[in-house]
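Report on the structure
Listed here are the chains, written in short residue letters.
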Amino acid sequence: MNLSIASKVSIGEGVEMPMLGLGTFLSEPGEKTRKAVQWALEAGYRHVDTARIYGNEKDVGDGIRESGIPREHVFITTKVWNDDQGYDSTLKACEESLKKLGVDYIDLYLIHWPVPQKRLETWQALIRLREEGVVKAIGVSNFMVRHLEELLEYSPVIPAVNQIEISPFIQRKALVEYCRKRGIVVEAYSTLTRGQRLEDTRLLSMAKKYGRTPAQIALRWALQQGMVVIPKSVHRERILENASIFDFELADTDMEEIAGWDEHFSTLPPSWEPETSTQWD
Ligand SMILES: NC(=O)c1ccc[n+]([C@@H]2O[C@H](COP(=O)([O-])OP(=O)(O)OC[C@H]3O[C@@H](n4cnc5c(N)ncnc54)[C@H](OP(=O)(O)O)[C@@H]3O)[C@@H](O)[C@H]2O)c1
């Protein structure tokens, strides 16, 4: 598989999404986020994932500008937060995100969570934003099969992307297959398990075998399945480490071994886990 740091996946209508992005959840607003974004861009990342609720859109925008890399060479994702869902309030939230980021378009705009009673009108608003050209592509996050079925029945516009928690310990195989069949690109988040399972002995021994770190094995495993990955770090060495995943390949037998590690281990509180919590019905 010939992947490089510049690899992109097509998400429709001529939009290309870099397969490696920088995550920014819990990246402190201000210099911490600005620096992380600059280090990432210096290292060759061309994609940053943020959200209105993270409170750091301004710093993501500033970091990109301060890097000197032209805006159109960087793919920016942000998301409409739960309290802003609904038709008019989503339009307004998007305007505020554009202002905070200091840009005149967003590459990918996502519904952050499948909020009951609101998610379908929110989707209508996203369709309008895309028609107006202020967002280039639209998608969803934390949508499980039941949410996608509902959405596809309601609207002819298929989400370009579904951003979901995926790591070797939570693989969501049926959902991934569902997305693949419908041309929805899977974007993996918390692939490093937020650091909670990087000491797993099987992962450690696979890392040793390849002379890599556990974080690199987890990210490479997701990439090799065609997923987009967005590891978060505010440390320069880790930002570099997480990008050094394009000069080795996991053998098919090792991909198969990791496929056996799935145990639905989520970093989310149970009431938020979208597969099992009734909060999202
Ligand atoms: N759509 C959603 O609902 C949703 C939910 C969660 C996340 N996301 C997105 O996905 C991104 C990634 O997920 P995440 O932030 O939850 O978790 P993650 O990327 O799995 O892990 C981030 C954590 O791991 C540490 N870390 C980073 N690189 C490391 C390495 N090489 N070795 C050891 N530890 C490392 C980071 O610490 P330092 O920063 O201190 O280095 C941070 O504590 C988020 O930042 C966000 O953009 C989206």
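Our subject is the structure that appears above.
Residues numbered from 1 in each chain as written. Predicted model: local features only at pLDDT ≥ 70, side-chain atom pairs only at ≥ 80, totals over all residues. Heavy atoms only, no water.

1. Describing unusual backbone geometry
The line we're drawing: A 1.4 Å probe rolled over the protein chains alone gives each residue an accessible area, and that area as a share of the maximum for its type sets the label: buried under 20%, exposed over 50%, partly exposed in between.
Positive phi outside glycine occurs at leucine 26, with the angle close to 70 degrees. The phi dihedral of asparagine 142 is positive, around 60 degrees, even though this residue is not glycine. Accessibility expressed as a relative area gives 2% for asparagine 142, which makes it buried.

2. Here's the deal with the pairing of strand 9 (residues 185-189)
Spelled out, the test is: The numbering of helices and of strands both runs from the N terminus, where a helix is a DSSP run of H or I of at least 4 residues and a strand a run of E of at least 2. Paired strands are those between which DSSP finds at least two bridges. When the strands point away from the viewer, a crossover counts as right-handed if the route from the first strand across the helix to the second turns clockwise.
Among the 5 residues in strand 9, 5 count as buried, and that is most of the element. As judged from the 5 bridges shared by strand 8 (residues 161-165) and strand 9, these two strands associate in the parallel manner. Bridge pairing in strand 9 places isoleucine 164 opposite alanine 188. In terms of handedness, the path from strand 8 via helix 6 (residues 173-181) over to strand 9 forms a crossover that is right-handed.

3. Quick word on the site of the ligand
Under the convention used in this document: One heavy atom suffices: a residue is near a molecule or strand as soon as one of its heavy atoms comes within 4 Å of it. Polar contacts here mean pairs of N or O atoms no more than 3.5 Å apart (in protein, one a potential hydrogen donor and the other a potential acceptor; neighbouring residues in sequence count only if both atoms are side-chain atoms). Residue exposure ignores everything except the shown protein chains as possible cover, and the areas themselves are Shrake-Rupley values with a 1.4 Å probe. Every definition here rests on a 1 Å grid over the protein atoms only: cavities are sets of points where a 1.4 Å probe fits but cannot get out, pockets are open sets enclosed by protein on both sides within 12 Å along at least five of seven lines, and lining residues have some atom within 4 Å of a point. In this scheme, a molecule is assigned to a cavity or pocket if more than half of its atoms are within 2 Å of the grid points.
Around the ligand sit 29 residues, and of these Asp49, Ser141, Ser190, Ser233 and Arg238 come closest. Between leucine 192 and the ligand, the recorded distance is 2.9 Å, taken from a backbone N or O atom to an oxygen atom. In this structure, an oxygen atom belonging to the ligand sits 2.9 Å away from a side-chain N or O atom of histidine 235. In isolation the ligand has 900 Å² of accessible area, and contact with the protein removes 89% of it. Among the cavities detected, the one that contains the ligand is the largest pocket. Here the shell around the ligand gets 3 residues from one element, more than from any other, and that element is helix 9 (residues 236-243).

4. Some points on the environment of cysteine 179
To keep things clear, this is the line we draw: Pairs of residues are marked as contacts when any of their non-hydrogen atoms sit within 4.5 Å.
Counting through the fold element by element, cysteine 179 comes out in helix 6. Owing to a relative accessible area of 0%, cysteine 179 belongs among the buried residues under this scheme. Sequence separation between cysteine 179 and valine 161 is 18 residues, and the spatial gap between their C-alpha atoms is 8.6 Å. Apart from residues lying up to four places away in sequence, cysteine 179 is in contact with Leu148, Asn162, Ile184 and Val186.

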